[in-house]
Amino acid sequence: MSQHLRGISALLIVTLVWGTTFPAMKDMTGYLSASWIVLCRFALASVLLLPFLWRARLRDLGWGAVAGVVLFLCYVFQIEGLALTSSNRNAFVTGLNVMVPPLLGVLMGAKLERRIMLALALALAGLFALCWEGSFTWGAAIRWRCCARCSSVST
């Protein structure tokens, strides 16, 4: 198998796993609070990543802790939003976190390419179409926005 084909296969597997977590988390919100779900996910991740901490430098541990706190907030907002809406909507809105870095670039003085502006406009139109049901639900939208901001900072 070529390197290119292995890379594409890995991306497909990651996408499959990422996409299936949303319905699973939606089901879990019926039984557990967002805090418990996030606690379980982070506890499992901590156990799995613990062997890699032995060689880490102190500076890396500090930045890892900062990234962990931001990621923790991302998951809390995401699961809180998931409790208020469907899993496919939550996945779509969470996927919109790719819009934040170009917008941050604009705030820092960068000029957007035409194709990026078109992609941002289409993403916003899709978000609006997805969330509109005769009215806009602000509670879920605020949690989604917080999730998207935390996601973009953590990546």
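Further up the page is the structure itself.
This section reports on the structure supplied with the text. (Residues numbered from 1 in each chain as written. Predicted model: local features only at pLDDT ≥ 70, side-chain atom pairs only at ≥ 80, totals over all residues. Heavy atoms only, no water.)

## So, the overall build of the protein chain
Next, step 1: Secondary structure summary: the protein chain contains seven helices and zero strands in total.
Next, step 2: When the helices and strands of the protein chain are placed in sequence order, the string is α-α-α-α-α-α-α.
Next, step 3: Taking all 155 residues of the protein chain together, 23% fall into the buried category. (Helix = DSSP H or I, 4+ residues; strand = E, 2+ residues; numbered from the N terminus. Buried < 20%, exposed > 50% of the residue type's maximum accessible area, 1.4 Å probe, protein only.)

## Considerations on the packing of aromatic side chains
Next, step 1: Under the defined criterion, the tally for this structure stands at two aromatic pairs.
Next, step 2: On the basis of an interplanar angle of 80 degrees and a centroid distance of 5.6 Å, the ring pair of Phe 42 and Phe 72 is categorised as edge-to-face. Of this pair, Phe 42 sits in helix H2 (residues 34-49) while Phe 72 sits in helix H3 (residues 58-84); the two residues are 30 residues apart in sequence, bridging distant segments of the chain.
Next, step 3: Between Phe 42 and Tyr 75, the ring centres sit 6.0 Å apart and the planes meet at 80 degrees, which makes this aromatic pair edge-to-face. (Phe/Tyr/Trp six-rings, centres within 6.5 Å; stacked < 30°, edge-to-face > 60°.)

## Examining helix H5 (residues 100-107)
Next, step 1: Within H5 the residues assigned to the buried category are Val 100, Pro 102 and Gly 105.
Next, step 2: Directly after H5, the chain includes Gly 109, whose backbone phi takes a positive value near 105 degrees.

## Let's talk about the pattern of salt bridges
Close approach of charged atoms lets side chains of opposite charge pair.
Next, step 1: Going through the model one piece at a time under the given rule, you end up with two salt bridges.
Next, step 2: In this structure, the salt-bridge partner of Arg 57 is Asp 60, at a minimum N-O distance of 3.2 Å.
Next, step 3: Note on Arg 57: relative accessible area 59%, which makes it exposed.
Next, step 4: Take Asp 60: its relative accessible area is 35%, and that puts it in the partly exposed class. (Salt bridge = Lys/Arg side-chain N within 4 Å of Asp/Glu carboxyl O.)

## Quick notes on the nonpolar core
Next, step 1: Counting residues in hydrophobic clusters, the biggest one holds seven residues: Met 25, Ala 34, Ile 37, Val 38, Val 76, Ile 79 and Leu 82.
Next, step 2: Listed by contribution, the elements that provide at least two residues to this core are H2 and H3. (Core = buried A, V, L, I, M, F, W, Y, C linked by side-chain atoms within 4.5 Å.)

## Structural notes on H2
Next, step 1: Over its 16 residues, H2 runs 22 Å from end to end, which matches the ideal 22 Å to within 8%, given 1.5 Å per residue.
Next, step 2: Those residues of H2 lying buried are Ala 34, Ile 37 and Val 38. Looking straight down H2, one finds its buried side chains confined to an arc of 95 degrees; they lie on one side. Of the exposed residues in H2, those oriented more than 90 degrees away from the buried face are Trp 36, Leu 44 and Val 47. (Expected span 1.5 Å × (residues − 1). Arc of directions from axis to C-beta.)

## Structural notes on the packing of helix H1 (residues 3-28) against H3
Next, step 1: Following both chains from N to C, one finds H1 and H3 inclined at 70 degrees, their axes separated by 9 Å at the closest point. Considering their axes alone, H1 and H3 lie roughly perpendicular with respect to each other. Seen along the crossing, H1 lies across H3 with a hand that is right-handed. When H1 is examined against H3, the residues Phe 22, Met 25 and Lys 26 are found in contact with a partner set consisting of Gln 78, Ile 79, Leu 82 and Ala 83.
Next, step 2: Of the residues in the contact of H1 with H3, the class split is five nonpolar, one polar and one charged. (Axes fitted to C-alpha atoms, helices over the stretch in contact; angles between N-to-C directions. Parallel < 35°, antiparallel > 145°, perpendicular 65-115°, else oblique. Left-handed = near helix turned anticlockwise from the far one by under 90°. Contact = heavy atoms within 4.5 Å. Nonpolar A, V, L, I, M, F, W, Y, C, P; charged D, E, K, R; others polar.)

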